[in-house]
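Notes for the structure review
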Amino acid sequence: MYRLELMLNNLILREYALADGAILMIGRHSANDIVLRDMSVSRHHATIEGKGQKLLIVDHASTNGTIVNGARVQWSQLDHGDIVKIGKDHTIRVNVRSQKKRESTLTGEHDQLTNMLKGNNSSPDVS
C-alpha cells in the first residue's frame, strides 16, 4: 500500500492511499482524481499508478513538466521519501508501507526452551 501526501508549501492538504493496480490522474481538469487549481498545471498533467511492488509516475506531455527529486522526468519509479513537484507550489510526498507482515512460528523446541528459561525444567509430556 502506498500513501501519497499532497502538499502546498509544506502544508499537507490531503492524503491518498493507492493500492496495487490503482491509478490516480493529476491535473487542472475536474475529471482528475487530484485536481490542482494552478495555471502552471496542465489539464491532464500526469498519472501515478501502483503496479505490484512498484509505484510509477508518468508525465502526459505537460507544459511545465513533472519533477521528481529535482529532475524533470517523462516517467519514473517512485520510492519511499520521493518528492514529486507539479506546478509552482504543489508537491506530492511518497510513503511506502511495508508489504511484509511479521509472522512467527512457535515450535515444540521453542516452548521447551521457554519453560527452561522460566525455571521449569520438566520436559513436556509426549505420551
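This section reports on the structure supplied with the text. (Residues numbered from 1 in each chain as written. Predicted model: local features only at pLDDT ≥ 70, side-chain atom pairs only at ≥ 80, totals over all residues. Heavy atoms only, no water.)

**Points about the overall build of the protein chain**
Within the protein chain, the regular secondary structure consists of one helix and 11 strands. The N-to-C order of helical and strand elements in the protein chain reads β-β-β-β-β-β-β-β-β-β-β-α. Taken across its 127 residues, the protein chain has 33% of its residues classed as buried. Sequence-distant contacts, at least 24 apart, represent 34% of the contacts inside the protein chain between residues at least 6 apart. When the accessible surface of the protein chain is split by element, carbon and sulfur atoms take 50% of a total near 8,600 Å². (Helix = DSSP H or I, 4+ residues; strand = E, 2+ residues; numbered from the N terminus. Buried < 20%, exposed > 50% of the residue type's maximum accessible area, 1.4 Å probe, protein only. Contact = heavy atoms within 4.5 Å. Areas by Shrake-Rupley, 256 points an atom, 1.4 Å probe, with all protein chains shown as cover.)

**Here's the deal with the sheet that holds strand 8 (residues 71–73)**
Within the open sheet, the six strands sit side by side as 2-1-11-10-7-8. Their pairing is antiparallel. Of all strands in the sheet, those bounded by a partner on one side alone are strand 2 (11–18) and strand 8. Taken over all neighbouring pairs, the strand axes of this sheet differ in orientation by 30° on average, direction set aside. Both strand 10 (residues 83–86) and strand 11 (residues 90–96) contribute to a ladder of four bridges, which runs antiparallel. Within strand 11, the residue paired with Ile83 across the bridge is Arg93. (Pairing = 2+ DSSP bridges. Axes fitted to C-alpha atoms, helices over the stretch in contact; angles between N-to-C directions.)

**Some remarks on the pairing of strand 10**
Only one face of strand 10 is covered, namely the face carrying Val84 and Ile86; the face carrying Ile83 and Lys85 is uncovered. Strand direction decides the pairing type here: strand 7 (residues 66–68) and strand 10, joined by three bridges, are antiparallel. Along strand 10, the bridge assignment pairs Thr66 with Ile86. Taking the residues between adjacent antiparallel strands as the criterion, strand 10 and strand 11 are bridged by three residues, where Gly87 takes a positive phi near 75°.

**Describing the sheet that holds strand 3 (residues 23–27)**
The five strands lie next to each other as 4-3-5-6-9, forming an open sheet whose pairing is mixed. What marks the edges here is a single partner per strand, and that holds for strand 4 (34–35) and strand 9 (75–78). Note that strand 3 and strand 4 share two bridges and pair parallel. Across the sheet, the residue bridging to Ile26 is Ile34, located in strand 4.

**With respect to the nonpolar core**
Buried together is how nonpolar side chains tend to be arranged in soluble globular proteins. Judged by nonpolar contacts, the single largest core of 21 residues is most densely connected at Leu4, Ile34, Ile48, Leu55, Leu78 and Ile92. For this core, the elements supplying multiple residues, two or more each, are strand 1 (2–8), strand 2, strand 3, strand 5 (46–51), strand 6 (54–59), strand 10 and strand 11. Among the elements that take part in this core, strand 1 stands out by supplying three residues, more than any other. When near neighbours in sequence (up to four residues on either side) are disregarded, Ile92 contacts Leu4, Glu5, Leu6, Ile26, Ile34, Ile48, Asp82, Ile83, Val84 and Ile86. (Core = buried A, V, L, I, M, F, W, Y, C linked by side-chain atoms within 4.5 Å.)

**With respect to unusual backbone geometry**
If you check the backbone angles, Ala61 has positive phi at about 55° while not being a glycine. Along the chain, Ala61 turns up in the loop between strand 6 and strand 7. Phi at Asn69 is positive, roughly 50°, even though this residue is not glycine. Mapped onto the fold, Asn69 is located in the loop between strand 7 and strand 8.

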